[in-house]
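The residues making up each chain are set out below.
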Amino acid sequence: MSLICLTNIARRYVMGAETIHALRDVSVSIERGEYVAIMGPSGSGKSTLMNLLGCLDTPTEGTYELNGENVSDMDDNQLADIRNREIGFVFQTFNLLPRANALRNVELPLIYSGMRLDERRERAREALQQVGLGDRVTHKPNELSGGQRQRVAIARALVTRPSIILADEPTGNLDSRTGEEIMQLFARLSEAGNTILLVTHEESIAAHARRVVRLLDGRVAADEAKGGDRSPEA
Amino acid sequence: MNFLLELGEGLRIALEAIRANKLRSILTTLGIIIGVVTVTLMGTAIDGLNRAFMQSIAKLGVDTLYISRTGWFVETYEDWTRLRTRPQITLRDVMQLEKEVHTVLAVAPIVRSMAGVKYRERSSQNVSIVGSTDQMVLTGGLGIETGGRFFTAEESDGGRPVCVIGSDVATNLFPRLNPVGKQVKINLRPYEVVGVLESQGMFMGAFSLDNQVIIPVRQFLTHFWHDPDFEIQVKVGDVARLEEAKDELRGAMRKVRRLEPGDADDFAINQQEQIAERLRVVSATIAAVGLFITGLSLFVGGIGIMNIMFVSVTERTREIGLRKALGAKRRTILVQFLIEAAAICVVGGLLALAIAWPVTLVLKHFMPAQLSLPLVGIALLVSALTGLISGFLPAWRAARMNPVDALRNE
Ligand SMILES: Nc1ncnc2c1ncn2[C@@H]1O[C@H](COP(=O)(O)OP(=O)(O)OP(=O)(O)O)[C@@H](O)[C@H]1O
Ligand SMILES: [Mg+2]
């Protein structure tokens, strides 16, 4: 059974008299341990797809099974639970709490899962070590470089040991060298067994992934595997 | 998610937010501060008044009646001028009354004047000179310091030059000596001190009961005032019989004053209950005014809190989106912002108490005022409640935010 199974997903936005088809009839499955890049021109529906995968949004049509659970028609609180347990988000703009230090930022999702303080701290420290920031635990976001901030954000995504890490343009706000470092970190995390899905519109970034799903106008235009060791479903 | 953990986290976020916007938070709480200061001072004042009353009333005696030409509380100037035409109460009236009534414990005439009292080089000015009989020790419930006594019936009837002095007078004139047996001069006339009154403290916070000298009423009439208007102090001796005693006294007084059956009373029988009545009115007025000001400023303050919380929610839309993305439920967000609103208000409440505290210390000079612990609790509770109520709408808006839209917010 696939980790993620999208079947005939559609997402429409109604804006007055106009209906925007952000996604039409998208069916994709993703296996545990895959490293997938989602590509496509601006407005093709990449972020919309990510929001659905991240359970931040629900589809207008179709079903979404995550880990065998149908999440397409869960309510707000159930979705919050799923997000907390199953999903690690990495955003283009980092989205760290400015007044909290790195450790506090990383332990935030664990607070929402109700973990005890000492355990939380331990796990957060571990995650920061994993992204190479073991020595920046007490730094606040404004005392960190862009790359370091994104690492804190990645540590925050890792800390709950989620089923999947979703990254929407994680290098979009970084220079190419720092972006490359972040991509290397993702590569390491992938090798360690994490399932990673990232949105990008740069081929050089997508080249790190072992599978590329191309969107065009809300449809899957191509779904190609690289290296041949994994076979995509078309 | 564990609710306690949620509360703790909410409090932490709230304090961080308040610290980040110190000035804004404090300015916002101005209404709360005014409201809480008012409610605290009002509470303190009412409490103080009641306490002052309780202490003073105890001195009046629950079963003591006071007969005088007029009532204690004359409402209008017209009343007052009319009452002035009533004949004075004379010593003869008092003596006759004493013979007429049989069921009361004691009856004593009371007249007052002011004079200087001297002992050798030391003197006390503006001492209240009271003329009465030996019965006053009973009617006034007076305690005498050991080693002394009140003057006797013989001394009283014979108008002997003896006196009983209040404790302030005693310490003034006799800082080191025992006053009993010494001779003091009142208006330059010699009186022998036979006893010292136990300290009674202030009456209604206004004048000292210890700054008085009691002399036999005949001495008073001869040397101070020939035809004063007397007050009659009556000790009933049994609270249960107060009303009965009043009726008896009224009948006896009418007879003494030779009133015809159709005539209105030309005297009044007063008792502590009248003061209690007055005090209740004053307390209620203070409470009403205070509650009005409190309510108004809390309302205005609440609107301010609501406003600033809307601003806070809008400013932190992305943060709310992020928290939701990371697994915060609606309730979690709601609680977080409610706590923030309540915390701002409690900070305001604490500031208010910090203002009210020194004011009560000043008030202490006028009444037994005290910032009581329950009052502090009420003040903080009221602040927190204001925060919770006025923070609800903004918090609700935050809780219902759609995470996708919130995260996209710039
Ligand atoms: N909340 C919304 N309301 C209305 N239309 C929306 C909303 N969100 C997205 N859309 C529309 O859906 C389409 C897909 O948007 P989406 O953000 O998924 O594109 P994208 O591939 O992420 O583009 P980009 O590369 O610029 O980020 C766009 O036409 C967009 O205008
Ligand atoms: Mg996008």
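Parameters at a glance
- Residues numbered from 1 in each chain as written.
- Chains lettered and ligands numbered in written order.
- Predicted model: local features only at pLDDT ≥ 70, side-chain atom pairs only at ≥ 80, totals over all residues.
- Heavy atoms only, no water.
- Helix = DSSP H or I, 4+ residues; strand = E, 2+ residues; numbered from the N terminus.
- Rg over C-alpha atoms; globule rule 2.2 N^0.38 Å.
- Buried < 20%, exposed > 50% of the residue type's maximum accessible area, 1.4 Å probe, protein only.
- Contact = heavy atoms within 4.5 Å.
- Areas by Shrake-Rupley, 256 points an atom, 1.4 Å probe, with all protein chains shown as cover.
- Lys, Arg positive; Asp, Glu negative; His and termini not counted.
- Charge placed at Lys NZ, Arg CZ, Asp CG, Glu CD.
- Pairing = 2+ DSSP bridges.
- Core = buried A, V, L, I, M, F, W, Y, C linked by side-chain atoms within 4.5 Å.
- Salt bridge = Lys/Arg side-chain N within 4 Å of Asp/Glu carboxyl O.
- Axes fitted to C-alpha atoms, helices over the stretch in contact; angles between N-to-C directions.
- Parallel < 35°, antiparallel > 145°, perpendicular 65-115°, else oblique.
- Left-handed = near helix turned anticlockwise from the far one by under 90°.
- Nonpolar A, V, L, I, M, F, W, Y, C, P; charged D, E, K, R; others polar.
- 1 Å grid on protein atoms, 1.4 Å probe; cavity = no way out; pocket = protein on both sides within 12 Å on 5 of 7 lines; lining within 4 Å.
- Points joined across faces, edges and corners; volume = space filled by probe spheres on them.
- Buried area = accessible area lost by both parts, 1.4 Å probe.
- Polar contact = N/O pair within 3.5 Å; in protein donor to acceptor, adjacent residues only side chain to side chain.

Overview of the overall build of chain B
Secondary structure assignment for chain B yields 15 helices and eleven strands. Scaling as 2.2 N^0.38, a compact globule of 410 residues should have a C-alpha radius of gyration of about 22 Å, whereas chain B reaches 32 Å, well beyond that. Expressed along its principal axes, the backbone C-alpha trace of chain B runs to roughly 100 × 60 × 35 Å. The proportion of buried residues among the 410 residues of chain B is 50%.

A look at the overall build of chain A
If you tally the helices and strands in chain A, you get seven helices and ten strands. In terms of overall size, chain A behaves like a compact globule, its C-alpha atoms giving a radius of gyration of 17 Å where 234 residues would be expected to give roughly 17 Å. For chain A, the C-alpha atoms occupy an extent of roughly 50 × 40 × 40 Å along the three principal directions. Across the 234 residues in chain A, those meeting the buried criterion constitute 54%. Pairs at least 24 apart in sequence give 67% of the contacts found in chain A among residues at least 6 apart. Of the accessible surface of chain A, which amounts to about 10100 Å², a share of 44% is contributed by carbon and sulfur atoms. Averaging the coordinates of the 28 positive side-chain charges in chain A and doing the same for the 33 negative ones gives two points 6 Å apart.

Thoughts on the pairing of strand β6 (residues 87–90) of chain A
Residues and elements named next belong to chain A. Across the two faces of β6 the burial is the same, with I87 and F89 and G88 and V90 all buried. By the bridge criterion, four bridges tie β6 to strand β7 (residues 164–168) in an arrangement that is parallel. Looking at the pairing, V90 lines up with A167 of β7.

Some details on the nonpolar core
Ranked by internal contacts, the top residues of the largest apolar core, which has 72 residues, are I4, I38, L53, Y64, L66 and L197 of chain A. The dominant element in this core, judged by the number of residues it contributes, is helix α13 (residues 330–363) of chain B, at twelve residues. Here L53 of chain A is in contact with I4, L6, I38, Y64, I87, L166 and L197 of chain A, once residues within four sequence places are set aside. Formed by 45 residues, the second largest nonpolar core is a distinct cluster that contains I89, L97, Y119 and L242 of chain B.

Let's talk about the side chain of D168 of chain A
All names here are of chain A. Tracing the backbone through its elements, the reader meets D168 in strand β7. Although D168 lies buried, it forms no salt bridge, and the closest oppositely charged side chain, K46, sits 7.1 Å away as judged by the N-O distance. Excluding residues that lie within four positions of it along the chain, D168 makes contacts with S47, M50, V90, F91, Q92 and V199.

Description of the packing of helix α11 (residues 272–315) of chain B against α13 of chain B
Residues and elements named next belong to chain B. Remark: α11 packs on α13, axes separated minimally by 11 Å, with the N-to-C direction vectors making an angle of 135°. When the interaxial angle is binned, α11 and α13 end up oblique. Our pair here, α11 against α13, has a crossing hand that is right-handed. Between α11 and α13, the contacting residues are I305, I308, M309, S312 and V313 on the first element and F337, E340, A341, I344 and C345 on the second. Across the contact of α11 with α13, the residue classes break down as eight nonpolar, one polar and one charged.

Looking at the layout of surface pockets
Looking at the second largest pocket, its volume works out to about 700 Å³. S47, N51, Q92 and D168 of chain A together with R408 of chain B are the residues nearest the centre of the second largest pocket, which is lined by 30 residues in total. Its residues placed into classes, the lining of the second largest pocket shows 13 nonpolar, eleven polar and six charged.

As for the sheet that holds strand β5 (residues 69–70) of chain A
Residues and elements named next belong to chain A. Pairing in this open sheet of four strands is antiparallel, and the strands run β2-β1-β4-β5 from one edge to the other. The strands lining the two open edges of the sheet, one partner per strand, are β2 (18–30) and β5. Both strand β4 (residues 61–66) and β5 contribute to a ladder of two bridges, which runs antiparallel. When the sheet's bridge partners are listed, L66 is paired in β5 with E69. In the packing of helix α1 (residues 46–53) onto the sheet, contacts are made with β1 (4–15), β2 and β4, and the angle to β1 comes to roughly 120°.

A few points about the sheet that holds β7 of chain A
Residues and elements named next belong to chain A. Across the sheet, six strands lie side by side as β6-β7-β8-β3-β9-β10; this open sheet has mixed pairing. A strand with exactly one partner marks an edge of an open sheet, and here the two such strands are β6 and β10 (219–225). Looking at each pair of strands side by side, their axes are set apart by 15° on average, direction ignored. Each of β6 and β7 touches helix α2 (residues 76–86); the most contacted strand, β6, lies at about 80° to it. The strands touched by helix α6 (residues 176–191) within the sheet are β3 (35–39), β6, β7 and β8 (196–199), with β8 carrying the most contacts at an inclination of about 155°.

Some words on the interface of chain A and chain B
One widely used convention gives an interface's size as the accessible area the parts lose upon coming together. In this assembly, 25 residues from chain A lie in contact with 24 residues from chain B. Taken together, the two surfaces of chain A and chain B that pack against each other cover about 2400 Å², and 56% of this comes from carbon and sulfur. Of all residues in chain A, R99, R104 and Y112 of chain A give up the largest surface area on contact with chain B, accounting jointly for 31% of the area buried on that side. Between chain A and chain B we count four salt bridges in total. Ionic pairing is found between D76 of chain A and R330 of chain B, a salt bridge with its closest N-O pair at 2.9 Å. Across the contact surface, chain A and chain B share eight residue pairs in polar contact (both at pLDDT 80 or more). Counting only elements with at least two residues in the side of chain A that touches chain B, the list comes to α2, α3 (102–112) and α4 (117–130) of chain A. At six residues, the largest contribution of residues to the side of chain A that touches chain B is made by α2 of chain A. Here the residues of the side of chain A that touches chain B sort into ten nonpolar, six polar and nine charged.

Treat this as a map of the structure, not an account of what it does.
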